Amino acid sequence: MTEANLSTGSNSVLLHSCCAHCAAYTIDYWRKQGYEVICWWYNPNIHPFREHQSRLEAMQSLARNVDAPFLVADGYDMVTYFRQVAGHEADGDRCQYCFRLRLARAAETARQMGIAAFTTTLLISPHQKHELVCQIGQEVAAATGIEFLYADLRKRYSDSRHITKPMDLYRQQYCGCLYSEWERFSLDNRRP
Ligand code: SF4
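Everything quoted here is computed from the prediction, not taken from an experiment.

### As for unusual backbone geometry
- The amide bond that connects His-47 to the next residue, Pro-48, takes the cis arrangement and shows omega of -10 degrees.
- Tracing the chain through its elements places Pro-48 in the loop between strand E2 (36-41) and helix H2 (49-65).
- Of note in the backbone geometry, Asp-168 takes a positive phi value of approximately 55 degrees without being a glycine.
- Tracing the backbone through its elements, the reader meets Asp-168 in the loop between helix H6 (157-164) and helix H7 (178-185).

In structure tokens:
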């Protein structure tokens, strides 16, 4: 499916999706709020490329399973990600550039498709910097005129994983970027 041949309605929302296990409950939640959820993938922060592809395939499987439209942005854009975070690599600093890159592209895509609202699966994860995601989503909304749909879904994180458990989808072990992989698996960071 492409952005050009997907029909959208006034109740559509573009859901920036970066993880099948976080998307499962999020799709259900916004559908129950009356929205037609269109899943959309743009995650140049996921490295290396084969890891990106594994997570993308999991998301494609979920979308088929729950009968949700699913679009994938053109290009992997890894170089753009590294240029955005260059000089801000420390944990706690780089994530704001990562969120802004992805959410700004989501809002721009929604605008091009005539969709009035966007949101993100990042809002369900207790592992993400929730307040920062919210702040950047609102800033992007103010800059683009595309509404940012916000809900604190963190308490439903385990429900989301419960939905995907029987689907036997690939599960990631770290947030996404090479820095997060390093932090996750570095000997210095391993607990005894
Ligand atoms: S830790 Fe996660 S949110 Fe932060 S920059 Fe890396 S991929 Fe992006």
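Back to the text.
### Quick look at the packing of helix H1 (residues 20-32) against H6
- Their axes nearest at 7 Å, the elements H1 and H6 cross at an angle of 105 degrees. What the angle tells us is that H1 and H6 run roughly perpendicular. Contact residues: H1 offers Ala-20, His-21, Cys-22, Ala-24, Tyr-25 and Thr-26, while H6 offers Asp-159, Ser-160, Arg-161, Ile-163 and Thr-164.
- Per-class residue counts for the contact of H1 with H6 are five nonpolar, four polar and two charged.

### Let's talk about the site of the ligand
- In the vicinity of the ligand, the contacting residues are Asn-45, Arg-94, Cys-95, Cys-98, Cys-175, Gly-176, Cys-177, Tyr-179 and Ser-180.
- Looking at the shell around the ligand, the elements that each hand over two or more residues are helix H4 (94-113) and H7.
- Counted by class, the shell around the ligand contains five nonpolar, three polar and one charged residues.

### Observations regarding the environment of Ala-141
- In this fold, Ala-141 is placed in helix H5 (residues 130-144).
- By C-beta crowding, Ala-141 is classed as partly exposed, having 18 other C-beta atoms within 10 Å.
- Separated by 13 residues in sequence, Ala-141 and Arg-154 place their C-alpha atoms 22 Å apart.
- Each residue touching Ala-141, except ones within four places of it in the same chain, is listed here: Ala-107, Ile-146, Glu-147 and Phe-148.

### Considerations on the pairing of strand E4 (residues 117-120)
- Here strand E1 (residues 12-16) runs beside E4; their pairing, made up of three bridges, is parallel. Its bridge partner being in E4, Leu-14 is matched across the sheet by Phe-118.
- Where E4 lies against strand E5 (residues 147-148), two bridges are found, and the strand directions are parallel. Bridging across to E5, Ala-117 finds its partner in Glu-147.

### Brief notes about the nonpolar core
- Ranked by size, the top nonpolar core spans 50 residues in total, and within it Leu-14, Leu-15, Ala-23, Cys-39 and Met-59 carry the most contacts.
- Listed by contribution, the elements that provide at least two residues to this core are E1, H1, E2, H2, helix H3 (78-85), H4 and H5.
- If near-sequence neighbours (up to four positions away) are discounted, Leu-15 is found in contact with Thr-26, Ile-27, Trp-30, Val-37, Ile-38, Cys-39, Trp-40, Thr-119 and Thr-121.

### Thoughts on the sheet that holds E5
- Taken together, five strands build an open sheet; the order of strands is E3-E2-E1-E4-E5 and the sheet is parallel. Only two strands of the sheet have a single neighbouring strand rather than two, namely strand E3 (70-72) and E5.
- Sheet topology places E1 next to E2; five bridges connect them, and they run parallel. The residue bridging His-16 from the neighbouring strand is Trp-40, located in E2.
- H1 rests against E1, E2 and E4 of the sheet, and its axis sits at about 150 degrees to E2.

Analysis parameters
Along each chain, the written sequence defines residue order, and numbers are assigned to residues from 1. Totals for whole chains, interfaces and linings use every residue, but because this is a predicted model, local features are given only for residues with pLDDT of at least 70 and side-chain atom pairs only at 80 or more, for both listing and counting. Under the scheme used here, helices are H or I runs from DSSP no shorter than 4 residues and strands are E runs no shorter than 2 residues, and both carry numbers assigned from the N terminus. Where helices are involved, their axes are fitted lines through C-alpha atoms of the stretch in contact, as for all axes, and angles between N-to-C directions lie from 0 to 180°. Here is the rule for angles: anything less than 35 degrees is roughly parallel, anything more than 145 is roughly antiparallel, 65 through 115 is roughly perpendicular, and the remaining ranges are oblique. The contact criterion used here is simple: two residues whose C-beta atoms, placed from the backbone, lie within 7 Å are in contact. Amino acid classes used here: Ala, Val, Leu, Ile, Met, Phe, Trp, Tyr, Cys and Pro are nonpolar; Asp, Glu, Lys and Arg are charged; the rest, including Gly, are polar. A molecule or strand has a residue near it when that residue's C-beta atom, placed from backbone coordinates, lies within 6 Å of it. Note on burial: count the other C-beta atoms lying within 10 Å of the residue's C-beta; 20 or more is buried, 12 or fewer is exposed, in between is partly exposed, and C-beta positions come from the backbone. A strand pair is defined by DSSP finding two or more bridges across the two strands. To define a nonpolar core, we join buried Ala, Val, Leu, Ile, Met, Phe, Trp, Tyr and Cys residues through C-beta atoms within 7 Å and take the resulting set.

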